[in-house]
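Coordinate inspection notes
This is what each chain is made of:
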Amino acid sequence: MVDYREPERYELVAQWARHTSDNVNITSTVHRIAAAGVHVLKFWMVDPTVVLQNLVVDTGGLKPSYLGPPESLRLH
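Here's a quick rundown of the structure. (Residues numbered from 1 in each chain as written. Predicted model: local features only at pLDDT ≥ 70, side-chain atom pairs only at ≥ 80, totals over all residues. Heavy atoms only, no water.)

Observations regarding the overall build of the protein chain
- Helix and strand counts for the protein chain stand at one helix and zero strands.
- Buried positions account for 1% of the 76 residues belonging to the protein chain.
- As displayed, the protein chain offers around 8700 Å² of accessible surface, 57% of which is attributable to carbon and sulfur atoms. (Helix = DSSP H or I, 4+ residues; strand = E, 2+ residues; numbered from the N terminus. Buried < 20%, exposed > 50% of the residue type's maximum accessible area, 1.4 Å probe, protein only. Areas by Shrake-Rupley, 256 points an atom, 1.4 Å probe, with all protein chains shown as cover.)

Structural notes on the environment of Q53
- Among the structural elements, Q53 can be located in the segment after α1 (14-22).
- Of the residues examined, Q53 reaches a relative accessible area of 75% and is grouped as exposed.
- Measuring from C-alpha to C-alpha, the distance between Q53 and V24 comes to 9.8 Å, with 29 residues separating the pair along the chain.

Thoughts on a nonpolar patch on the surface
- There is a patch of nonpolar side chains on the surface, built from L41, F43, L52, L55 and V57 and spanning about 530 Å² of accessible area.
- Secondary-structure assignment places L55 in the segment after α1. (Patch = residues over 30% accessible without salt bridge, like charges linked within 9 Å, V, L, I, M, F, W, Y side chains within 5 Å. Salt bridge = Lys/Arg side-chain N within 4 Å of Asp/Glu carboxyl O.)

This is the structure we're talking about:
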């Protein structure tokens, strides 16, 4: 309240509301890979309070789900 006026009300942005209620931020990017073969994907810490907990690489056919796809096997 400012100067005893009625408090201002703001509509919540749907994306912000989902992020705060789920405590998750889902971000998507698209990258075009020119050739088949081994590729390197790197991530750098920008903010110490941000945690990369799950990374999904969709090569086609990913079905939408609330928590994402099940964890895949790691091959060495």
